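# What the coordinates show
These are the residues of each chain, in order.
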Amino acid sequence: MAILSDAATQVLVPLAAVVGIAFAVAQWVLVSRVKLSPSARAGARDKDVLGDSLIEEEEGLNDHNVVVRCAEIQNAIAEGATSFLFTEYQYVGIFMSIFAVVIFVFLGSVEGFSTRSHPCTYSKDKECKPALFNALFSTVSFLLGAITSVVSGFLGMKIATYANARTTLEARKGVGKAFITAFRSGTVMGFLLASNGLLVLYIAINLFKLYYGDDWEGLFESITGYGLGGSSMALFGRVGGGIYTKAADVGADLVGKVERNIPEDDPRNPAVIADNVGDNVGDIAGMGSDLFGSYAESSCAALVVASISSFGVNHDFTGMCYPLLVSSVGIIVCLITTLFATDIFEVKAVKEIEPALKKQLIISTALMTVGIALISWLALPAKFTIFNFGEQKEVSNWGLFLCVAIGLWAGLIIGYVTEYYTSNAYSPVQDVADACRTGAATNVIFGLALGYKSVIIPIFAIAVGIYVSFTIAAMYGIAVAALGMLSTIATGLSIDAYGPISDNAGGIAEMAGMSHRIRERTDALDAAGNTTAAIGKGFAIGSAALVSLALFGAFVSRAGVKVVDVLSPKVIIGLVVGAMLPYWFSAMTMKSVGKAALEMVEEVRRQFNTIPGLMEGTGKPDYANCVKISTDASIKQMIPPGALVMLTPLVVGTFFGVQTLSGVLAGALVSGVQVAISASNTGGAWDNAKKYIEAGASEHARALGPKGSDCHKAAVIGDTIGDPLKDTSGPSLNILIKLMAVESLVFAPFFATHGGILFKLF
């Protein structure tokens, strides 16, 4: 028996979630104290405000017009982001409603929409609830997951657009003040998402339990819809947001920086507002939904396997909720970790920014290791059994601790390898920058080589994690290893959201006409954010690999597949087609960005050529038209790649059966992870090679510059090629492999009963 009682578990899980939400609200209150109204500052006479005024005098910025201008730009960015998300959610809402009906019809038809109980799949002597009600509850959990994902992404975007101008204004007082404002804003998103995801899942389990009672097999199978809903929304958020942001970014860079030789975020550039809006809808809303989907899926995969193991058979609620307890501990650990960045170690200089962010990863991982050991000892019996393809495998609590810990530390390794290959502090990116001396072609060649090479160590880390965790606890071990990698999701998301907020802050400083010194501070914040964003993408892709494999194991168990024989022609054709899907998907998303960027480039050129006085700064650009182009293009172009991912498991499972679908899932997993890592890291390296030349921080960098030189132009071209790779195709691929796996798991009973129509006919 576990030391922790069921009653204590019922209290601890929601308590941790509520504490996380309360902490997020507290951080938001602190950020809101930075005022965007000049009148409040002008009328105040207390010591602190007078001190602030003196600092502004020194910076030559005691001008209320600057504050007003910052507020206007922030409002324009916030309105553009809100408008895009509302439009996107309307289209996606229609798709989700149709797909919810498909889930109900397909799963309800497994037993001919019968309302009679039936023998349980794994315990034939017990009666399980009717398939019709499993279909209904799966549909409800799907909609719950989709709504939670939407709310998470939307809240993240609102917080980011609320904080960007405040970060700019705080940069007048020093880089430390600006850093704390940006980071606190990121933590609001990180903790809200992690806590909401846990709380909604916990409430759903307890509500469903009122109907299911002792039928834990049916209960946790219906909960898998939660992960499907979360990832479905994440796919459209990532693809739509990625197309939006990169269309604007490529258009702004190619015409503004290369053709017109004006600075990044120059207010004369018509695409500059759309570019800043894109940072929020792609990197904030999209990333938030993506990591929420990973968290929901890994939890669901672990719960499904646990429900048919000794935890489910013996109705051990605390053991069953072990994945939720790990996430609960993660929220508390991340809360403590955050205090190190905001209250314990204060950032005072530019060189301290990146180390402060990296310390967050190390501290959270070290503390979480202790937390996992504690909860494994308290919540798990010394020995228990885990379902392993028709058999029960005996596992110890320390063994399960090792599974979670190996996922946690594998994530850190992947993060740091990603940083090595994408940060301009190290030789790989510096070599790419050096290749710009001979033009864009050599820059592209070096960048591609770097991306392919960067796959090696992460894949070995994932492979070791898979082998160890599977050997110890079968597919359940892999599921909790994925959960271990995501257990510090609140810290990871905080760091990730910090990047776009800092990027926007720099853009606002440039557009508001603030001094070069302020722009240097915001650039320093942004440079650190770029590196940590690449680390975040590495985490997301690594966890996607483990989550997909765990979901794959749950699928083959639920579909009744005893062995996946790679020598079987049914499986081989699935493997080949599955390995092709990431390339098909990448082609669609890359071309979508290309089409949207083409339209944006033409519009920006048109405005520069036709609006009198635009280059001289006397004419005003039409920002709204560029925002409209990005919005229309992303909404129109996100549907085909989304449909490809959502329809593939349905078509393959229905017409070719579970064996072929198993091959498709395995092929997509193996191929997708490699393509995703190389695409993200190649794009990240090109971006930071450009920034390395622009910053001119070393003698080598100064020899390659300055801005506007042929070498710099070659770097900008590489960056624009890499933009859709690192922010659209690469990050979206991890959703592809997870989403197909969780969708197959949800529809497994239908595929097992009615699938393989073509093979039955011929």
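Residues numbered from 1 in each chain as written. Predicted model: local features only at pLDDT ≥ 70, side-chain atom pairs only at ≥ 80, totals over all residues. Heavy atoms only, no water.

If you look the protein chain up in an unreviewed UniProt entry, it shows as H(+)-exporting diphosphatase from Panicum hallii var. hallii. Its UniProt record, at the heading Subcellular location (unreviewed entry), says of the protein chain: "Endomembrane system". (UniProt positions renumbered as here; feature names shortened; annotations may be inferred.)

## Notes on the pairing of strand β3 (residues 383–388)
Two elements, β3 and strand β4 (residues 391–396), share six bridges in a ladder whose sense is antiparallel. Directly across from I386, in β4, lies its bridge partner K393. Linking two consecutive strands that pair antiparallel, namely β3 and β4, is a turn of two residues; a positive phi of about 50° is found at F389 within it. (Pairing = 2+ DSSP bridges. Helix = DSSP H or I, 4+ residues; strand = E, 2+ residues; numbered from the N terminus.)

## Concerning the packing of aromatic side chains
A full pass over the atoms with the stated rule returns 28 aromatic pairs. Ring centres of F95 and F236 lie 5.2 Å apart, and the angle between their planes is 65°; on these two criteria the pair is classed as edge-to-face. Taken together, the residues F95 in helix α4 (residues 64–108) and F236 in helix α7 (residues 216–259) connect sequence positions 141 residues apart. By relative accessible area, F95 is classed as partly exposed at 22%. F236 gets classed as buried once you look at its relative accessible area, which sits at 3%. Pairing F137 with F208 gives two aromatic rings, centres 4.8 Å apart and planes at 65°, and the pair type is edge-to-face. Placement of F137 in helix α5 (residues 131–170) and of F208 in helix α6 (residues 175–212) is noted, with a sequence separation of 71 residues between them. F208 shares its class with F137; the two are buried. Members of the aromatic cluster, joined through ring pairs, are F95, F99, F106, F142, F236, F747, F750 and F751. (Phe/Tyr/Trp six-rings, centres within 6.5 Å; stacked < 30°, edge-to-face > 60°. Buried < 20%, exposed > 50% of the residue type's maximum accessible area, 1.4 Å probe, protein only.)

## Considering helix α14 (residues 427–434)
Listed as buried for α14 are P428, V429, V432 and A433. For α14, the angular spread of buried residues about the axis comes to 140°, placing them on one side. Against the buried residues of α14 lie α13 (397–422), α15 (440–453), α21 (658–695), α22 (699–704) and α23 (710–746). (Arc of directions from axis to C-beta. Contact = heavy atoms within 4.5 Å.)

## So, the packing of α15 against α21
Relative to each other, α15 and α21 sit at 135°, their axes nearing to 8 Å. Viewed along their axes, α15 and α21 adopt a mutual orientation that is oblique. Between α15 and α21 lies a crossing of right-handed hand. The segment α15 lies against α21, with N443, V444, G447, L448, L450, G451 and Y452 engaging S678, N681, T682, A685 and W686. (Axes fitted to C-alpha atoms, helices over the stretch in contact; angles between N-to-C directions. Parallel < 35°, antiparallel > 145°, perpendicular 65-115°, else oblique. Left-handed = near helix turned anticlockwise from the far one by under 90°.)

## Let's talk about the nonpolar core
In terms of nonpolar packing, the biggest core is built from 221 residues, with F179, Y322, I353, Y476 and F555 touching the most fellow members. Apart from residues no more than four positions distant in its own chain, Y322 is found in contact with I372, I375, S376, A379, L380, L400, F401, V404, Y476 and V480. Of all hydrophobic cores here, the second largest spans 19 residues; its members include A689, I693, C711 and L725. (Core = buried A, V, L, I, M, F, W, Y, C linked by side-chain atoms within 4.5 Å.)

## Let's talk about α5
Compared with the 58 Å implied by 1.5 Å per residue over 40 residues, the 58 Å span of α5 between its first and last C-alpha is a close match. Residue A163 marks the point of greatest curvature in α5, where the axis turns by about 30°. Along α5, 28 of the 40 residues are buried, which leaves the element largely enclosed by surrounding structure. (Expected span 1.5 Å × (residues − 1). Bend = angle between axes of the 7 residues up to and from the residue.)

## Quick word on the packing of α6 against helix α8 (residues 272–307)
The N-to-C vectors of α6 and α8 enclose an angle of 35°; their axes lie 10 Å apart at closest approach. The crossing of α6 and α8 is right-handed. When α6 is examined against α8, the residues M189, L193, G197, L198, L201 and I205 are found in contact with a partner set consisting of I284, G288, S289, F292, Y295, S299 and L303.

## Section: the side chain of S729
The residue S729 is located in helix α23 in this model. In this structure S729 comes out as buried when scored by relative accessible area, which is 1%. When near neighbours in sequence (up to four residues on either side) are disregarded, S729 contacts S586, T589, M590 and P724.

## As for the pattern of salt bridges
For side chains of opposite charge, pairing can occur when their charged atoms come near one another. Evaluation of the coordinates by the stated rule reveals 24 salt bridges. Close ionic contact of K358 with E419 constitutes a salt bridge, the shortest N to O distance being 2.3 Å. With a gap of 61 residues between them, K358 in helix α12 (residues 353–379) and E419 in helix α13 connect regions that are remote in the sequence. The partner of D434 in a salt bridge is R437, with the nearest N and O atoms 3.1 Å apart. Via salt bridges that share partners, K246, D249, D687, K690, K691, D719, D723, K726 and D727 belong to a single interconnected network. (Salt bridge = Lys/Arg side-chain N within 4 Å of Asp/Glu carboxyl O.)

## Quick look at a nonpolar patch on the surface
On the surface, V11, L12, L15, V19, I332, I336 and L367 cluster together into a nonpolar patch covering about 520 Å² of accessible area. Sorting the residues of the nonpolar patch by element identifies α1 (6–32) and α11 (322–344) as the ones contributing at least two each. For the nonpolar patch, the element with the highest residue contribution is α1, accounting for four residues. (Patch = residues over 30% accessible without salt bridge, like charges linked within 9 Å, V, L, I, M, F, W, Y side chains within 5 Å. Areas by Shrake-Rupley, 256 points an atom, 1.4 Å probe, with all protein chains shown as cover.)

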